[in-house]
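Now for the letters of each chain:
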Amino acid sequence: MTDDKSDGQSADGSDDKPAGTPPAGQPSGVPEKPVGERSMTDKPDDQRSIQDKSLNDTSVILSDDPGPLPPHQDLDVVDVRHGMFGAAGTGDTSGYGGLVRPVAIPGATQRPYGGWFDDAADRLESVLESSGLPDALDKVVVHNREITFHVKRERLVEAMQQLRDDPQLRFEFCSGVSGVHFPNEVGAELHAVYHLLSMTHNRRIRVEVTCPEADPHIPSVVSVYPTNDWHERETFDFFGIVFDGHPALTRIEMPDDWPGHPQRKDYPLGGVPVEYKGATIPPPDLRRSYT
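Residues numbered from 1 in each chain as written. Predicted model: local features only at pLDDT ≥ 70, side-chain atom pairs only at ≥ 80, totals over all residues. Heavy atoms only, no water.

Draft legend 1. Inspection of the pattern of salt bridges at higher detail. Using the criterion set out here, one finds 12 salt bridges in the structure. For Arg164, the salt bridge is made with Asp165, and the minimal N-O distance between the two is 2.6 Å. (Salt bridge = Lys/Arg side-chain N within 4 Å of Asp/Glu carboxyl O.)

As structure tokens, then:
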């Protein structure tokens, strides 16, 4: 008496395929490649990066490739970069002066976020709502297995307090704040990004806040995370974000009378006066001949 087999399974329901058989849709004789080494045609849609998709889909905007995006997440175009570095007002000596490309970043992520991200987001939303701040969160972005909470600037201190003190969150440590400048993101040109660590739960998150260049004010969180004293001064120095309530907001790297903020995208690359016998640094296109 022979066993009855169908669809590649034995009578007891176990898989009858020999070891090493490629998954459905993959050519036989071709071993399965690890994630990150497969071609666009080998990857399912939810693992294709924006760069992959842009090869065959002209509707996809390509900039710096943000990597794989889940199917329920879109891109936000925040800028259009001209040249290799996006510099304006000075010559471009990179050889890519005619390059034009949109700058796109991952947009808001829809639930489920996955893993403990949903628990943390649920708890943060719950404590903010119970504190009378149901509108404190603008959006949540999950990308590259990291989660970022975008908080309204007027609610930043209260949100940070809850993230630090709530027993189910307990993000006790803030490693600092970084500045980002998107000169063409109208109304949100300046970003402040805080990196938080929960030593209790061994979790990391980011908190991001935006403000316009015309009103570059964000509340200081030194009252919640005292070590941000130095980091807020540095971000003020290089990006011009004014942290209201800071105990002593002065420059920390540049001289007190230095004009402008050197890490903004619209800061000139050359022509800055140097205090050494009246010498100046000429713009890049005047430093040497490229003819």
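Draft legend 2. Spotlight on the side chain of Ser198. Positionally, Ser198 belongs in strand E6 (residues 190-198). Its relative accessible area of 0% is what places Ser198 among the buried residues. At 3.4 Å, the side chain of Ser198 forms a polar contact with the backbone oxygen of Leu169. Within the structure, the side chain of Ser198 is placed 3.0 Å from the backbone nitrogen of His201, a separation counted as a polar contact. Setting aside residues up to four positions removed in sequence, Ser198 forms contacts with Leu169, Arg170, Phe171, Glu172 and Arg203. (Helix = DSSP H or I, 4+ residues; strand = E, 2+ residues; numbered from the N terminus. Buried < 20%, exposed > 50% of the residue type's maximum accessible area, 1.4 Å probe, protein only. Polar contact = N/O pair within 3.5 Å; in protein donor to acceptor, adjacent residues only side chain to side chain. Contact = heavy atoms within 4.5 Å.)

Draft legend 3. View of the environment of Val77. Tracing the backbone shows Val77 in strand E1 (residues 73-82). With 108 residues separating them along the chain, Val77 and Glu185 place their C-alpha atoms 8.6 Å apart.

Draft legend 4. Fine view of helix H4 (residues 228-239). For H4, built from 12 residues, the straight-helix expectation of 16 Å at 1.5 Å per residue is met to within 8% by its first-to-last C-alpha distance of 16 Å. Looking only at H4, the buried set comprises Asn228, Glu232, Arg233, Thr235, Phe236, Asp237, Phe238 and Phe239. Close packing links the buried residues of H4 with strand E5 (173-181), E6 and strand E9 (242-244). Just beyond H4, the residue with positive phi is Gly240, at close to 80°. (Expected span 1.5 Å × (residues − 1).)

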